[in-house]
Amino acid sequence: MLWTLILLISFLPGPGWVSANKMMWTSFLLIGFLPVSGALWAEKYVRGVVGRAFTISCHYKATYSSYTKYWCKGWTPLCSVLVETNGQRGRSGRMSITDNTEWRIFTVTMEDLHSGDTGWYSCGISESGFDTRFNLHLQVSEEPVSVPVVRYLSSASVSCLGGSVSVSCESFQGSLPIQYRWYEQSSSGHPKISDSKELALHCQSFNHQHHQYYCRASNRLGARSSGIVNVTVFNNGEICSYVTEINGTRPVPFCENTAQRKKTTSPQIRAFPTVPRALRGVVGRVVTIDCHYAPMYRSHTKYFCCMRGHQCTSLVNTNGQTEQSGRMTIRDNTSQGIFTVTMENLVSQDTGVYRCGIATSGNTPVFDVQLQVSDEPVSVPVLRYLPTANITRVGGSVTVSCESVQGSLPIQYTWYENISSVDSKITENSKLDLRCQSFKHQHHQYYCTALNTRGAKSSEIVNVSIYNRGGNCSLVIRFSGTGREYSCETFTTASTASSMIWKVGRWLLFALLMICTISVTWFTRKTKRPERSDPPRLVYKVK
């Protein structure tokens, strides 16, 4: 600190050029470049993607809760303020700011990023004429699209009447704008269906019993294709119905076209009575089967059995509305006309034909299901905070969990630290505990791997930044590429006192710098002033 002070003072203007105003400005510059003693902090280097929004969380101490927060472009005391809080919120153009005084975070969002937004910025707090800032650098770049995610636009928990369901396609990563196109996959080729994010499926538009669709997302850096949307159509002349399945996951209950529906003399289970429904199961996981029935069967007993030749061995049946037997559970939702069967902890031997049935005195309505249980490789592990939060917590500790939501069980999880020389194993557990006191360096990187009999996959990187200032240990955790951030802070008993000492100290430092500046200027002037000389003496000679 002393050498920095001497260096800055050495650049003061010469004595003939210095004025009181310039001395004040020089002292102000010296103060402006001093550290903020941990009162305000955020991530130092952050990334943004062209066309998308960027969010940064600026953390501060409780003593600053009532002050105005702002976001400015630049890192000097003359940085240009872009947006500031007016109360707890503020907005200006593409910028918005929100202050959460309870958790001591103010959040800045920059929308519609472009390459010109790259540069230095500052989180700032206006404090009685003396601002506290934290400087950070934002790098905005273009990014290729991620694999598009396909999902239903409407609820998929019940049957849809009217013969229509819509499926959307979206890449959550990649520079904007992104163009979407839907294609049908067939033996003759892949004709384009739509230039939209959404695909509407109608009974009337199907020409065959089976159809396969996928969407393609593209931007300037490339294109990626989504998973397959499988559609199976059942049209027996009385009713057009179909079932959709995305990426082999649990299908949405069938859709039917009520305009084509005719009256029948013997109501049956409202499903597909002539064609068995094919379902996939994964070893160790759970499969759920929805069996739909007509309102007249609400009060009847429902059952689920396993076909062995011409015999069907009962596995579970309703006794009231819910019943469990071993790994099987059956629940009857009479208001929606659905009874649901759940099979837990699947094994390969569960592969076979099963039957949903309703016990009646006459012709028993039944619906057969073909279940195929197989091994499946793990999916990329998903990381989340425990407890779930995007807020600051006190105590200096946070837990990150790792889970593959797909893949045969059991799955073994291992956490590693990403080191330049060799990755070091941390724990053979799905959870990683991060504590301020255990870190040796300012920056750490971790990731987890999920492993089963079909292979292994690694998670994204967990970036941890540690700040030790004024006796306080704080850490900021960020998942790479997602922007999800978490912060913890450990307070020492002297934290409040040190904050007050710093406030008083910096004003004393300001006064000291003023005195030093004036002293150096005065001394420089004095040393360069010409020496005084006595006037010449007159010598008179007496003759």
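Along each chain, residues carry numbers from 1 onward, in the same order as the chain's sequence is written. The predicted nature of this model means local features are confined to residues of pLDDT at least 70 and side-chain atom pairs, given and counted, to a pLDDT of 80 or more, with totals for whole chains, interfaces and linings taken over all residues. Neither water nor hydrogens contribute to the side-chain values; these are computed over all heavy atoms in the structure.

It is not clear to me how the overall build of the protein chain should be interpreted in this structure. Could you clarify?
Numbered from the N terminus, helices here are DSSP runs of H or I no shorter than four residues, and strands are runs of E no shorter than two. Each helix and strand in the protein chain was counted, giving three helices and 41 strands. Every one of the 543 residues in the protein chain was classed for burial, and the buried ones make up 43%. A sequence separation of at least 24 residues applies to 59% of the contacts in the protein chain between residues at least 6 apart. In this description, accessible areas are obtained by the Shrake-Rupley approach with a 1.4 Å probe, and a residue is regarded as covered only by the protein chains that are shown. A total accessible area of about 29400 Å² is found for the protein chain, and carbon and sulfur atoms account for 53% of it. Whether a residue is buried, partly exposed or exposed follows from its accessible area with a 1.4 Å probe, protein chains only, as a fraction of its type maximum: under 20%, in between, or over 50%, in that order. Here a residue-residue contact requires only that any non-hydrogen atoms of the pair lie within 4.5 Å.

Which parts of the structure should I look at to understand the nonpolar core?
The nonpolar side chains of a soluble globular protein tend to be buried with one another. The definition of a nonpolar core used throughout is a set of buried Ala, Val, Leu, Ile, Met, Phe, Trp, Tyr and Cys residues joined through side-chain atoms within 4.5 Å. Counting 28 residues, the largest nonpolar core has L40, I56, W71, F106, M110, C123 and L136 as its most contacted members. At the level of secondary structure, the elements contributing two or more residues to this core comprise β1 (40–41), β3 (54–60), β7 (95–100), β8 (105–110), β9 (119–126) and β10 (132–141). Beyond its immediate sequence surroundings of up to four residues, I56 is in contact with A42, E43, V46, W71, F106, T107, V108 and L136. Judged by nonpolar contacts, the second largest core, of 24 residues, contains V283, V287, I289 and A294.

Is there a simple way to explain the sheet that holds strand β27 (residues 328–333) in this structure?
Within a sheet, adjacent strands bond to each other through the backbone by hydrogen bonds, running parallel or antiparallel. In this description, strands pair whenever DSSP reports at least two bridges between them. Across the sheet, four strands lie side by side as β23-β28-β27-β26; this open sheet has antiparallel pairing. The open sheet terminates on both sides in strands that have one partner only, identified here as β23 (287–292) and β26 (322–325). Each adjacent strand pair in this sheet contributes to an overall mean axis angle of 15°, direction not counted. Angles shown run from 0 to 180 degrees and are taken between the N-to-C directions of axes, each axis being a line fitted to C-alpha atoms and, for helices, limited to the stretch in contact.

Would you explain the packing of aromatic side chains in this entry?
For any pair of aromatic rings, the description rests on two quantities: the centre-to-centre distance and the angle between the ring planes. Within 6.5 Å between ring centres, the rings of Phe, Tyr and Trp (the latter by its six-membered ring) count as paired, and their orientation is classed by plane angle as stacked under 30 degrees, edge-to-face over 60, tilted in between. The final tally for this structure, using the stated rule, is eight aromatic pairs. Taking 5.5 Å as the distance between ring centres and 20° as the angle between the ring planes, the aromatic pair formed by Y416 and Y447 counts as stacked. Here Y416 is found in strand β34 (residues 412–417), whereas its partner Y447 is found in strand β37 (residues 443–452), with 31 residues between them in sequence. Comment: the charge-over-ring label is applied if NZ (Lys) or CZ (Arg) is within 6 Å of the ring centre and within 35 degrees of the ring normal. Here the basic side chain of K44 rests over the ring of F134, its NZ or CZ set 5.3 Å away from the ring centre. The lysine or arginine in question, K302, covers the ring of Y293, its NZ or CZ lying 4.4 Å from the ring centre.

Spatial relationships are all this shows, so hold off on functional conclusions.
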